[in-house]
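Residue-level listing of the chains:
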Amino acid sequence: MTDNKNAWKKQEKAVRATQLAFDLSSEVQKFIKKSAIDEELTPSDMIRRILGLEIKSKKTRQRLSFNLSDEEIALLAERFDIPNADKRLVKQRVADLLIEHVKETK
């Protein structure tokens, strides 16, 4: 029962938190996002660091993500000459392509 009480108190505290959103210049946003990536933090945690506030989360492994429709997956599967039902292999080939792009661009 005590564990449930503690969990409820934590949730209640989270509900009371206030989210702030800022309309800052593109230059300021880019700087904060790049700094966060360099320090393996989220942009939110980077802002907390700049403000001198406690950062509760651990360093994050930055992930890239984007959405693909079924048609786009099929198009990429055709491009890579693999079965379009094999989404895992499509994902791997996309990752390989992105890595190659970075190597060629550097």
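Structure: above.
## As for the environment of Phe31
With respect to the helices and strands, the residue Phe31 is situated in helix H2 (residues 26-38). Using a relative accessible area of 59% as the deciding quantity, one classes Phe31 as exposed. Considering only alpha carbons, one finds Phe31 and Pro43, 12 residues apart in sequence, at a separation of 9.9 Å.

## A look at the side chain of Asp45
Assignment of secondary structure puts Asp45 in helix H3 (residues 43-50). Among buried Asp, Glu, Lys and Arg side chains, Asp45 stands out as unpaired, with Arg48 the closest opposite charge at 4.9 Å. Leaving out residues up to four positions away in the same chain, Asp45 has contacts with Ile55 and Ser57.

## Remarks on the nonpolar core
Formed by Ile73, Leu76, Ala77, Phe80, Ile82, Leu89, Val90 and Val94, the largest nonpolar core amounts to 8 residues. Contributing elements (two or more residues each) for this core: helix H4 (70-80) and helix H5 (87-105). When residues in this core are grouped by element, the largest group, 4 residues, is from H4.

## Quick look at a nonpolar patch on the surface
On the surface, Leu20, Phe22, Leu24 and Val28 cluster together to form a nonpolar patch covering roughly 380 Å² of accessible area. Among the secondary structure elements, Phe22 is positioned in the loop between helix H1 (2-16) and H2. We classify Phe22 as partly exposed; its relative accessible area is 48%.

## Notes on the pattern of salt bridges
Summed over the entire model, instances satisfying the criterion amount to 2 salt bridges. As a salt-bridge pair, Glu39 and Arg49 come within 2.1 Å of each other at their nearest N and O atoms. Of this pair, Glu39 sits in the loop between H2 and H3 while Arg49 sits in helix H3, placing them 10 residues apart in sequence. The salt bridge partner of Asp70 is Lys87, with a shortest N-O separation of 3.9 Å. Taken together, the positions of Asp70 in helix H4 and Lys87 in helix H5 put the pair 17 residues apart, joining distant regions of the chain. A relative accessible area of 55% means that Asp70 is categorised as exposed. Residue classification places Lys87 among the partly exposed residues on the basis of a relative accessible area of 49%.

## Remarks on the packing of H2 against H3
Two elements in contact, H2 and H3, have axes whose closest approach is 8 Å; the angle formed by their N-to-C orientations is 100 degrees. Viewed along their axes, H2 and H3 adopt a mutual orientation that is roughly perpendicular. For the pair formed by H2 and H3, the contact residues are Ile32, Lys33, Ser35 and Ala36 on the first element and Pro43, Met46, Ile47 and Ile50 on the second. In the contact of H2 with H3, the residues fall into 6 nonpolar, 1 polar and 1 charged.

Rules and cut-offs
- Within any chain, residue numbers begin from 1 and follow the written order of that chain's sequence.
- The predicted nature of this model means local features are confined to residues of pLDDT at least 70 and side-chain atom pairs, given and counted, to a pLDDT of 80 or more, with totals for whole chains, interfaces and linings taken over all residues.
- Side-chain calculation: all heavy atoms of the structure are included, whereas hydrogens and water are not.
- The secondary structure listing takes helices from DSSP runs of H or I that are at least 4 residues long and strands from runs of E that are at least 2 residues long, numbered from the N terminus.
- With a 1.4 Å probe rolled over the protein chains alone, any residue whose accessible area is under 20% of its type maximum counts as buried; one over 50% counts as exposed, and the rest are partly exposed.
- Residues scored as charged are limited to Lys and Arg (positive) and Asp and Glu (negative), so that His and the chain ends carry no count.
- Salt bridges are identified by distance alone: a Lys or Arg side-chain nitrogen within 4 Å of an Asp or Glu carboxyl oxygen.
- Here, two residues are considered to be in contact whenever any of their heavy atoms come within 4.5 Å of each other.
- What we call a nonpolar core is a set of buried Ala, Val, Leu, Ile, Met, Phe, Trp, Tyr and Cys residues that are connected through their side-chain atoms within 4.5 Å.
- Each patch is built from residues lacking any salt bridge and having more than 30% relative accessible area; the joining distance is 9 Å for like charges and 5 Å for nonpolar side chains (Val, Leu, Ile, Met, Phe, Trp, Tyr).
- Surface accessibility follows the Shrake-Rupley procedure with a 1.4 Å probe radius. Residue values consider only the protein chains on display as shielding.
- Only the stretch in contact is used when fitting a helix axis, every axis being a line fitted to C-alpha atoms; angles between N-to-C directions are given from 0 to 180 degrees.
- By definition in this entry, angles of less than 35 degrees are roughly parallel, angles greater than 145 are roughly antiparallel, angles of 65 to 115 are roughly perpendicular, and the rest are oblique.
- Three residue categories are used. Nonpolar comprises Ala, Val, Leu, Ile, Met, Phe, Trp, Tyr, Cys and Pro, charged comprises Asp, Glu, Lys and Arg, and polar comprises the others, including Gly.

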